[in-house]
Amino acid sequence: MYVELKNINKNYGNFKASRDVNIGIEKGKLVALLGPSGSGKTTILRMIAGLETPDSGDIIIDGKRVNDVPASKRGIGFVFQSYALFRYMTVYDNIAFGLEVEKVPKKEIKKRVTELIELIGLTGMEKRYPNQLSGGQRQRVAFARALAPNPTLLLLDEPFAAIDAKVRHELRSWLKEMIHKVGITSIFVTHDQDEAVEVADEIIVTNRGRIEQMGSPIEIYKKPETPFVATFIGEAVEVENYHKLRGFEKGDYKGAIIRPEFVEAFKSDNVKFKNIIDYSEEGIIEDISFRGNCLELVLDVNGIKLTTRRSLERRPIHIGEKMRVVVYRLYAYDEEKSYLLENAELKGKEVVTL
Amino acid sequence: MKTIHREESKAVKITLIAISVVFLVLMLVLPLLSVIVNSLKEGVKFYVQSLTTEYVRSALKVTFIATFWAVVVNTFFGIAASWLLTKFSFKGKQILATLIDIPFSISPVIAGLAFLMTFGRLGWASGIINKINEFLGTDIKIVFALPGVVLATIFVTFPFVSRELIPVLNAEGKEEEEAAALMGMKGFAIFRKITFPHIRWALLYGVILCTARALGEFGAVNAVSKTRGKTFTLPLEIDALYLSGSADSTTAAFAASSILVIIAVIVLILRNIMEYKAKNK
């Protein structure tokens, strides 16, 4: 493990920002700290950086306990949420800043900064000031500035929060590519699950100062371990009487979470679904809303409201129409854990869906 | 409906402008003009003469000394206090911030009296000063002497610089400083290279306000300064000239006042330049 946090606790007055946080991050990985605001993700990042001190516990970077090592000696590059570019300095001076503080010879600084400006694709803009750059360009400069002193660990606080939606998408893939190209261990904080899933090799989900789950995006998505992760990731509809659905029996659970992609709704004459029509039940369309690339349906199945998506290419439907509905799986949960339940009637059957 | 609304708001606007202009002319412009006019009533020669009497020259000197020290001390104090209040968190921060504002809310006379009761013959600090004087063989006096005037002026003007700096520093946030610190820059260098460029104009503005206030201070200084021609500042001298009652001395009082009015106008102009610069950077 390259970065390790052991039993970290941190309080701000009565507010518990971190409770028994234990995480380990492998060298070279790009990791997302994902959670709602106030869940303690930024606190974790700032403690690793040395901008905050934990009340108890150990922070270990590269095998060394760094709790008492000042921020500037931890070999960390930090990209701030609002970039914090020095507004009275040019792009060049911003990137050169860390090297100048370290008293690197001018010639080397020039070489390194030129190289980085080329890497971020802003050649020719060296003399501009931050307020003459677009949001995306500023972020690139912040990235280059953080990388200039050759840190061994890169920390990014909500790196895409200040950028508008369209550029954000572009920058996500850019940043991912850059980080893999440079090969630096990186941790970024985000509240946006799409961002975490798209960019990160590994996701750490935080909630109310605790670590809920760590794993690859697929694991987090497919096997949520706690009710919080099950609701936070993906789109979730909570259902209490899930055992009223066909194929599911009542267990010792508090309720269940059903994502739209777990629900199939089709017309009774649809031959493509003839394999599963025998295991389906009736659902009445209660609401249809246009989602741009698909329709979102709300169905009433035995008094339970289920949400599903429908391709725009399929046959038209209308409110009040009776559909056949199959729920493939759901996440049942109790107080602490979340469990994947498959539709019992479909087990062992070959289910072909499109 | 819309046009009626617009006309209404236009009428409101014109009325408000008229009220403000009339009010300002009556309360501010005319009185200040009358100061200038009155000061020149006896001719330019008399004007110059009344500004070069021994008393007035002494008063000008005392005023400038007090203002100089007030500005120097309060600039340092103001920077330190506003930096502390915006970049650090600690217990009692709010109390400290409130304490700094006290000179705004307290009558300057009370400040002057407080100094009198502290450093005067009956004050608790006078014994200490006597001891120091005995030990060093000096004859330092605080009240009814120049140091008292300087201290009173400092007291009255100390919130000005920090009041200007705190909002600017707050708006700027801590991130740039944190970024510099993360890259290994040390405290004072961070202030010089990162913080200072932000607060340049606000600082200058605060200094100008502080200067203007220090030049015009009356109440606090009045309590600790009793010797005309020695520890009187310009406002005190003006008061003395005016109270002495003869027609000549009244005109001389206006002449001395005109200096303060002229300085005030210069300060206003500078202030506008500062604001313009601060906005356009």
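Owing to the predicted nature of the structure, the values given are computational and were not obtained by experimental measurement. (Residues numbered from 1 in each chain as written. Chains lettered and ligands numbered in written order. Predicted model: local features only at pLDDT ≥ 70, side-chain atom pairs only at ≥ 80, totals over all residues. Heavy atoms only, no water.)

*Asks:* Any chance you could explain the domain arrangement of chain A here in plain terms?
*Replies:* For an interface, size is often stated in terms of accessible area lost upon the parts coming together. With domains assigned, chain A is organised as domain 1 (3-223) and domain 2 (237-346). Between the C-alpha centres of domain 1 of chain A and domain 2 of chain A there is a distance of 40 Å. (Domains from an automatic or database assignment.)

*Asks:* Whenever I open this one, the domain arrangement of chain B confuses me. Can you help?
*Replies:* Residue and element names in this part refer to chain B. Here chain B is described as being made up of domain 1 (1-39) and domain 2 (42-280). Centre-to-centre, using C-alpha coordinates, domain 1 lies 32 Å away from domain 2. Every contact between the two is made by 5 residues of domain 1 and, on the other side, 7 residues of domain 2. Buried surface at the junction of domain 1 and domain 2, summed over both partners, amounts to about 570 Å²; 77% is from carbon and sulfur atoms. Among the residues domain 1 hides against domain 2, the three largest losses belong to Val35, Asn38 and Ser39. Together they make up 75% of the total. The tally of links between domain 1 and domain 2 comes to 0 salt bridges. Linking domain 1 with domain 2 are 0 residue pairs in polar contact (both at pLDDT 80 or more). The class makeup of the residues in the side of domain 1 that touches domain 2 is 3 nonpolar, 2 polar and no charged. (Contact = heavy atoms within 4.5 Å. Buried area = accessible area lost by both parts, 1.4 Å probe. Salt bridge = Lys/Arg side-chain N within 4 Å of Asp/Glu carboxyl O. Polar contact = N/O pair within 3.5 Å; in protein donor to acceptor, adjacent residues only side chain to side chain. Nonpolar A, V, L, I, M, F, W, Y, C, P; charged D, E, K, R; others polar.)

*Asks:* Any chance you could explain the pairing of strand E8 (residues 185-190) of chain A here in plain terms?
*Replies:* It is a general feature of regular strands that their side chains alternate between the two faces of the sheet. All names here are of chain A. With 6 of its 6 residues buried, E8 lies for the most part within the structure. Of the two faces of E8, the one lined by Thr185, Ile187 and Val189 and the one lined by Ser186, Phe188 and Thr190 are each fully buried. Inspection of the sheet shows strand E3 (residues 30-34) paired to E8 by 5 bridges, in the parallel sense. By the bridge assignment for E8, leucine 34 is matched with threonine 190. (Buried < 20%, exposed > 50% of the residue type's maximum accessible area, 1.4 Å probe, protein only. Helix = DSSP H or I, 4+ residues; strand = E, 2+ residues; numbered from the N terminus. Pairing = 2+ DSSP bridges.)

*Asks:* Explain the interface of chain A and chain B to me, please; I cannot follow it from the model alone.
*Replies:* Every contact between the two is made by 20 residues of chain A and, on the other side, 17 residues of chain B. Buried area between chain A and chain B, summed over both chains or domains, comes out near 1,700 Å², and the portion from carbon and sulfur atoms is 64%. Put simply, chain A and chain B have 2 salt bridges between them. Among the ionic pairs, B:Glu176 bridges to A:Arg87, the shortest N-O distance being 2.9 Å. Connecting chain A to chain B are 3 residue pairs in polar contact (both at pLDDT 80 or more). Elements supplying a minimum of two residues to the side of chain A that touches chain B: helix H1 (41-49) and helix H2 (91-101) of chain A.

*Asks:* In this structure, what is going on with the sheet that holds strand E5 (residues 64-65) of chain A? I would like to understand it.
*Replies:* Through backbone hydrogen bonds, the strands of a sheet pair up, either in parallel or in antiparallel fashion. Residue and element names in this part refer to chain A. Spatial ordering of the open sheet is given by E2-E1-E4-E5, a layout of 4 strands whose pairing is antiparallel. Looking at which strands have only one partner, the edges of the open sheet turn out to be strand E2 (15-25) and E5. Judged from the 7 bridges that link them, strand E1 (residues 3-12) and E2 form a sheet pairing that is antiparallel. Across the sheet, the residue bridging to lysine 10 is serine 18, located in E2.

*Asks:* For this particular structure, what's the right way to read the pattern of salt bridges?
*Replies:* Working definition: two side chains of opposite charge can pair if their charged atoms are close together. Residue and element names in this part refer to chain A. Across all of its chains, the model carries 25 salt bridges over all chains by this definition. One salt bridge connects glutamate 321 with lysine 267, and the closest N-O pair in it is separated by 3.1 Å. Separated by 54 residues along the polypeptide, glutamate 321 in the loop between strand E16 (304-311) and strand E17 (322-327) and lysine 267 in the loop between strand E13 (263-266) and strand E14 (281-290) bring together distant segments of the chain. Judged by its relative accessible area of 12%, glutamate 321 falls in the buried class.

*Asks:* Help me understand the sheet that holds E14(A), please; the structure alone is not making it clear to me.
*Replies:* Residues and elements named next belong to chain A. Pairing is antiparallel across the open sheet formed by 5 strands, whose spatial order is E13-E17-E14-E15-E16. Single-partner strands in this sheet number two, and they are E13 and E16. Averaged over all pairs of adjacent strands, the angle between their axes in this sheet comes to 40 degrees, without regard to strand direction. Sheet topology note: the E13/E17 ladder contains 4 bridges and is antiparallel. Looking at E17, one finds that valine 263 is bridged to valine 327. (Axes fitted to C-alpha atoms, helices over the stretch in contact; angles between N-to-C directions.)

*Asks:* When you look at the environment of A:Ala142 in this model, what are you seeing that I'm missing?
*Replies:* Residue and element names in this part refer to chain A. Within the secondary structure, alanine 142 is located in helix H4 (residues 135-147). By relative accessible area, which is 1% here, alanine 142 ends up buried. In sequence terms alanine 142 and alanine 84 are 58 residues apart; their C-alpha atoms lie 7.7 Å from each other.

*Asks:* Mind showing me how you'd approach the packing of aromatic side chains here?
*Replies:* Any two aromatic rings considered together are summarised by their centre-to-centre distance and by the angle between their planes. All names here are of chain B. Taken as a whole and assessed by the stated rule, the structure comprises 18 aromatic pairs over all chains. Ring centres of tryptophan 83 and phenylalanine 191 lie 5.0 Å apart, and the angle between their planes is 50 degrees; on these two criteria the pair is classed as tilted. Remark: phenylalanine 191 occurs in helix H11 (residues 187-216) and tryptophan 83 occurs in helix H3 (residues 54-87); sequence separation between them is 108 residues. For tryptophan 83, a relative accessible area of 23% gives the class partly exposed. When its relative accessible area of 9% is taken as the criterion, phenylalanine 191 is described as buried. Ring geometry for phenylalanine 191 versus phenylalanine 196: centroids 6.3 Å apart, planes at 55 degrees, classification tilted. Look at phenylalanine 196 and you get partly exposed, because its relative accessible area is 31%. (Phe/Tyr/Trp six-rings, centres within 6.5 Å; stacked < 30°, edge-to-face > 60°.)

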